[in-house]
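The lines below spell out each chain.
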Amino acid sequence: MNLFRLNLFVFLLLTVSGCVTKVSSIKRDVDAKLVDGEGYLLLAVDTSINLDFIHITGTKSARLTSDDLQKGSRYILIKLPAGNYEFNKIQLSNVYNYSMKSDIWRFEVKENAVNYIGNLMVRHYDFGSRAYFELINRSSFALQYLNAEFPNILNGRTVEYGGPGEDDFFSTVRINDSEGSK
Amino acid sequence: MNRLGISLLIVIQVAFSNFTAADPISGKTLFRNPEAYSFILSPNSKYVAGHFNYDDEMVVVLYDLKTEKSYALFSLDTEIGINISSLKWVDTNSLYVRLRLKFGNDRVGLVQIDFSGEVPKPQFKTIITDGYIVDPMPSVEGKVLYAKNVGRDKKRYKLYVVTEEQLINADFATAVEIDNTLTDADYYYPGFLTGEMIASTTDGDVRSYWHLSGQTKRWAKFWSSDNVEHRFVPVGMLNADTMAVLSNVNSDLVSLYEFNLKNNTFGKLLYQQPRYDILNAETDPVRNVINYVTFVDHGRIVTKYFTDKDQKNHRLLQKAFPGKQVHVVSSNDSTEHKIIFVFGSDDPGSFYYFNTKTLIARILAPRNPELEHYKLAKSDVFSNDVESGQKIESILTRPRGDSNGVLIVMPHGGPIGIRDYDFYSPEVQYLASRGYSILSVNFRGSSGFGKRFQKTGVGQFGKIIEQDITRAVGHVSEKYDFKYKCTMGTSYGGYSAVMLAIEHPLDYQCIIGMFGVYDLPLLFNASNLKLQEDYQKRISRIVGELDDSLKDVSPFYLADRIKAPLLLIAGDQDPIADIEQTNRLKYRLQQRGAKLEHLFYKGSGHGLQTWYGERHLYAYIDDFIRRHLRLNNPSGDNESSIREEESLIIADEFYSGNRIDKDNSLALRYYKKAAGYGNARAIFNVGHFYRDGHVVKSDPEMALDWYRKASDAGYSGASYYLGQIYATGKMSTHTLQADPELSYSFYQLADKQKHVYAIFNIAKALCTGSGVSKDIARCLTLLTISDPESDKGDFDDKKFHRNSIAVEILTSDGYTPEEMEKIKAFFNTELGVSTFDDKIKVVRSHPFKSILDGNVTIVTRSSIPAVRGARFGDNIMFTTEESDGKITKALVKQVWTTPAKNQDGTLITETKYRFIKLNMLQELSYRLDYDWERVEGVWKVEVFSLDDELIFEDRFKTRLK
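These figures come from a predicted structure and were not determined experimentally. Positions within a chain are numbered from 1, following the residues in the order the chain's sequence is written. Starting at A for chains and at 1 for ligands, labels are handed out in the order in which the entities are written. Local features in this predicted model are restricted to residues of pLDDT 70 or higher, and side-chain atom pairs are both shown and tallied only at a pLDDT of 80 or more, whereas totals for entire chains, interfaces and linings draw on every residue.

Draft legend 1. Geometry of the overall build of chain B. Check the secondary structure of chain B and you find 22 helices and 48 strands. Overall, the C-alpha framework of chain B stretches about 100 × 75 × 65 Å when taken along its three principal axes. Secondary structure elements are taken from DSSP: a helix is a run of H or I of four residues or more, a strand is a run of E of two residues or more, and numbering for both begins at the N terminus.

Structural data, given as structure tokens:
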């Protein structure tokens, strides 16, 4: 390998690793103020196998780590800069990883809102490479979860649907909430 | 009266009822598999093969029509999850059987029957080749037309004419291969002329039909369509160039047409029913005539025959079985032997052998013999105008006994291309036997009435569909007086049930929506995969195009108009109406403070998968309606026993939380209700609430009081538990005064009440002299399990429990050396433990490859990921000097000390005695199953001898990433 190639390789390595931020789910309902231009992202992961990471790309590259991706079902709440994102890669705890190359894996994070993007279902079959992925819209369950676990973070913020497609659930129940408080 | 009439009269008299018309029928009786599944006539018409399903086994029976003797060919234990999915004769001596296994691939085989002896001898021979029998070719003895899968990832079939032996031996090299097999055929149609074949292929929405000509030996596509409204079903060849097909391509109704295979065009109309689609037809290619067509008229399946002889026979059968639907389910061409199935809305049906020459029909088996004891409710089918001369048909079932004044309007699912029938329905009979009237409506959009009728329902959610139902409700309301009306339905029926109550809030007093859709735009965005074009198109074909107008007919957006109490039922694995549909309506209604109850079934899809689930569901539905409408319980001799049974099933599910969300408050309410009817297990379970302080204030005395009542009522579990409480002085977290004598007497009572394990606790008391004089000899006799066949409970469970108690006895104090010798001798003879006093040591040990979620990962002792499912430990070989390398059994104490802490700060430990095999590698492992175990730290394992001498010790370290 010549010196130029080596330098390029090191540069690329630094560039790539420098862009991907490992993120962990927020565990405590403390409303630490968001930095300007940031929003919360809420995702549920329901997986039949431990995952090593989920890599999302877009306005910022981020990696959800295995601590939040154990076999079972759980919600993950993280902070991200507002913008457009997509699921890029999912790595199972075995040798298999999967690239998600389609519009249906895109989502949006709005500033100063809690953005629910869906319940990611992962099913891995047998010992082979077959796996199934689907992002299911379970907005009402997500809202119940937020109400129960993160009332402080919810306070003064709207919950938005940021997943693929359109859904008026959050805006509809929000109107009812405000009607109810009149 | 003709002979047929006489023979059937005898059958009908046998079936007379034990119960009165007003008796409610238990869910256990209604919600169960039918006992008789199918009967098929052998090609020589000498035998009938019958498929029966009993509680624990499935049996295939051979019935000799001449001698009227029957022989069991083979039986299957249904508990292992095996089912017969296909059973057909391939010739006079062989049956083809396909067995569906709950776990694993189908098992397929031939049952070859040797008829040479006095008793037919069956032999099952497995077929290992993947494929299916296209045509048993009954006219060619010993040969079948078989489609063999030659594809790998995708099924591709080659056709062979094979002998049975070639099929069994997978010998296709010597079989006759059919030239030019059609690649990608998904179905080959049997029964065409010799040398001719018809097959179909599917590519997306495009379905194509192909003809293999006997003359050209080539496959030619003769029909293809991507129009999902088009029906095109090949029926049979009429001559070399002309085929009969069922189709609606050139008509509104599915009708029987000629189809010319030379120019691929429809020919003349052979038969059209004026109002209904033809479902099925048969032609005779030799005589070039239609044998019969079938269609559904007023919910009943009607067969129209075309020959004088068939018509006459059918008239005779109809006369002999007045009011019933009669169908030939198995017959051989031009012979007098037929198997018929006779059924109706008030009759789950019976199979008969009918001889058209002798005109005698002989019963083979009723489908559900237990229901023969009941008089079921009969439905009445009526039609009424909806608009501009358009008629719809509806089915009203009224109770045979007293009406409770409630009409349940029950729209069907779909709504497009589905319909209701005038058939026996366990759900309808359950409700009718409790006094309800049930109305189901074949509204516009339902199948069987032509293309236009079906298409009119598309995009009519909350519109003409509910208008049609409302017209039908108006029609029956004019005729009968109903004090209350409720709506109830599944899938689209769930949606419709809620919409009807939204549109007519004054008319309906309760609503039950099951597995329904309530937010129509969400159907288009239920998941990211459902955003894809194909799925969106499929939804549009039913709901209409996605736009904001769908909100105007979505209960979620109209929730403030729901006034009646609502019961919402959903399955958390529903792939069609995702549970989100129900949950968001529930969320919205809770916001509005509506009267709402819900049952979310865990692990359930679009409906319940078990009969037990159905029993639970309908018990709750009946209870829900009665509570909200303040109805009295139905009258009947068995009413209180049914209430007891149903209160218990409701309570059990709220208490366990296995199938629905746990709710202790509701569990206690229903246990108390069942206890009120004298149910001993319910009385016992009420005690748990006072013991644990759940819902009620913790009160050990009150708990004991309930336990004693349950024991007095004969519940062996209560007597056994009281024995344990008084033996240990502990009742869960409560400390009580131990009373060995009282404990012993409760164990004795439990044994008398046939508790399976009580005898071992009696043994322990005798060995230790606790509450009774010590009697080692009797103790050891009671611990001996003699004949597993005569056991009261499951042998393995019983043995496991006995072994645990035996270890408790062995590790107790206070024995003389002679007594201890006797106990050790027992361990030696009964449990195979030969080593007690020899010094156990470790020959070798090493950590094994840790297993994470089925994938082997090599780990060291110091770097184990603390993830759920991680398993770590050692492989160890123990030995003693005296064992001389032989594999013998010994007993040791194993202690795991975890890094997790108790509330008092001490480390959590797990201690258990375990049987080990000397001179053999043993696995000694820990598996992280719970969240509290996902901690970083050191896990210590220690193995001690019975004298508490440390034999082995190792440490493992977990890490959090």
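Draft legend 2. Representation of the overall build of chain A. Counting its secondary structure elements, chain A contains four helices and eleven strands. Partly exposed residues are those whose C-beta has more than 12 but fewer than 20 other C-beta atoms within 10 Å; with 20 or more the residue is buried, with 12 or fewer it is exposed, and the C-beta atoms are placed from the backbone. When each of the 182 residues of chain A is scored for burial, the buried share is 35%. Taking as baseline every contact in chain A between residues at least 6 positions apart, the subset at least 24 positions apart corresponds to 71%. Our contact criterion uses C-beta atoms placed from the backbone: two residues qualify when those atoms are within 7 Å.

Draft legend 3. Main features of the sheet that holds strand E23 (residues 300-305) of chain B. Residues and elements named next belong to chain B. If you trace the three strands from one edge of the open sheet to the other, you get E21-E22-E23, paired in antiparallel fashion. In this open sheet, the two strands that pair with only one neighbour each are strand E21 (278-284) and E23. Looking at each pair of strands side by side, their axes are set apart by 15 degrees on average, direction ignored. As paired elements, strand E22 (residues 289-297) and E23 share six bridges and run antiparallel to each other. What sits directly across from phenylalanine 295, in E23, is valine 302. In this analysis, strands are considered paired if DSSP registers two or more bridges between them. Convention adopted: a line fitted to C-alpha atoms gives each axis, helices being fitted over their contacting stretch, and angles between N-to-C directions are expressed from 0 to 180 degrees.

Draft legend 4. Representation of the packing of helix H15 (residues 680-692) of chain B against helix H16 (residues 700-712) of chain B in the model. Residues and elements named next belong to chain B. Interaxial distance between H15 and H16 falls to 8 Å at its minimum, and their mutual angle equals 170 degrees. Comparing their axes, H16 and H15 come out roughly antiparallel. Contacts between H15 and H16 involve Ala680, Ile683, Phe684, Val686, Gly687, Tyr690 and Arg691 on the former and, on the latter, Pro700, Met702, Ala703, Trp706, Tyr707, Lys709 and Ala710. A class-by-class count of the residues in the contact of H15 with H16 yields eleven nonpolar, one polar and two charged. Angle categories: roughly parallel below 35 degrees, roughly antiparallel above 145, roughly perpendicular from 65 to 115, and oblique for all the rest. Amino acid classes used here: Ala, Val, Leu, Ile, Met, Phe, Trp, Tyr, Cys and Pro are nonpolar; Asp, Glu, Lys and Arg are charged; the rest, including Gly, are polar.

Draft legend 5. Here's a closer look at the environment of alanine 49 of chain B. Residues and elements named next belong to chain B. The topology assignment puts alanine 49 in strand E2 (residues 47-53). The exposure class of alanine 49 is buried, given the 22 C-beta atoms found within 10 Å. In this structure, the C-alpha to C-alpha distance between alanine 49 and tyrosine 63, residues 14 residues apart in sequence, is 6.3 Å. If we ignore the near neighbours within four places in the chain, the residues touching alanine 49 are Ile40, Val60, Leu62, Leu87, Trp89 and Leu95.

Draft legend 6. Focus on the interface of chain B and chain A. Counting residues at the interface gives 25 residues for chain B and 33 residues for chain A. With six residues, the top contributor of residues to the side of chain B that touches chain A is helix H11 (residues 579-591) of chain B. Residues that form the side of chain B that touches chain A fall into these classes: nine nonpolar, nine polar and seven charged.

Draft legend 7. The arrangement of the nonpolar core in detail. Residues and elements named next belong to chain B. By definition, a nonpolar core groups buried Ala, Val, Leu, Ile, Met, Phe, Trp, Tyr and Cys residues that connect through C-beta atoms lying within 7 Å of each other. Ranked by size, the top nonpolar core spans 189 residues in total, and within it Ile408, Cys486, Ile511 and Ala651 carry the most contacts. Setting aside anything within four residues of it in sequence, one finds isoleucine 511 in contact with Cys486, Thr487, Ala497, Val498, Ala501, Ala564 and Leu566. Of all hydrophobic cores here, the second largest spans 85 residues; its members include Val111, Phe232, Val235 and Ala320.

Draft legend 8. Spatial organisation of unusual backbone geometry. All names here are of chain B. Across the junction of glycine 414 and proline 415, the peptide omega takes the value 0 degrees, indicating a cis bond. When you line up the elements, proline 415 lands in the loop between strand E30 (406-409) and helix H5 (426-432). Phi at aspartate 948 takes a positive value of approximately 65 degrees, unusual for a residue other than glycine. Among the secondary structure elements, aspartate 948 is positioned in the loop between strand E47 (937-944) and strand E48 (950-959).

Draft legend 9. How the structure looks around the packing of helix H20 (residues 776-783) of chain B against helix H22 (residues 817-831) of chain B. All names here are of chain B. Orientation of H20 relative to H22, taken along the N-to-C sense of each, is 10 degrees, at an axis distance of 11 Å. Considering the angle they form, H20 stands roughly parallel to H22. Read as a crossing pair, H20 and H22 show a hand that is right-handed. Seen from H20, the contacting residues are Ile776, Leu780 and Leu783; seen from H22, they are Glu819, Lys822 and Phe826. Per-class residue counts for the contact of H20 with H22 are four nonpolar, no polar and two charged. A crossing counts as left-handed when the near helix is turned anticlockwise from the far one by less than a right angle, and as right-handed when that turn is clockwise.

Draft legend 10. Representation of the sheet that holds strand E3 (residues 57-64) of chain B in the model. All names here are of chain B. Ordered in space as E1-E2-E3-E4, the four strands form an open sheet in which the pairing is antiparallel. A strand with exactly one partner marks an edge of an open sheet, and here the two such strands are strand E1 (36-41) and strand E4 (70-77). Going across the sheet, the axis of each strand differs from the next one's by a mean of 15 degrees, ignoring polarity. Direction of pairing for E1 relative to E2: antiparallel, over a ladder of five bridges. Following the sheet pairing, alanine 36 is matched in E2 by phenylalanine 52.

Draft legend 11. Up close: the pairing of E3 of chain B. All names here are of chain B. Of the pairings in the sheet, the one linking E2 to E3 comprises seven bridges and is antiparallel in character. Note on E3: the bridge partner recorded for valine 48 is tyrosine 63. Linkage of E2 to E3, two consecutive antiparallel strands, is achieved through a turn of three residues. When E3 meets E4, the two strands line up antiparallel, connected through seven bridges.

Draft legend 12. Spatial organisation of the confidence of the model for chain B. The pLDDT value tells you how sure the predictor is about a given residue, anywhere from 0 up to 100. Mean pLDDT over chain B: 89, with 94% of residues reaching 70 or higher. Overall fold confidence for the complex sits at a pTM of 0.88, while the interface term, ipTM, reaches 0.88.

Draft legend 13. Here's a closer look at the pairing of strand E29 (residues 390-397) of chain B. Residues and elements named next belong to chain B. For strand E28 (residues 379-387) and E29, the ladder comprises eight bridges, and the chain directions are antiparallel. Its bridge partner being in E29, serine 379 is matched across the sheet by threonine 397. Hairpin connection from E28 to E29: two residues lie between these consecutive antiparallel strands, with serine 388 at a positive phi of about 35 degrees. As judged from the five bridges shared by E29 and strand E31 (residues 437-442), these two strands associate in the antiparallel manner. Looking at the pairing, serine 394 lines up with valine 441 of E31.

Draft legend 14. Summary view of helix H14 (residues 664-676) of chain B. All names here are of chain B. What a helix should span is 1.5 Å times the count of its residues minus one. For H14, built from 13 residues, the straight-helix expectation of 18 Å at 1.5 Å per residue is met to within 8% by its first-to-last C-alpha distance of 18 Å. What H14 keeps buried is the set Ala667, Leu668, Tyr670, Tyr671, Ala674 and Ala675. Residues of H14 that are buried in the fold lie against helix H13 (639-656) and H15. A positive backbone phi angle near 90 degrees is found at glycine 678, which sits one or two residues after H14.

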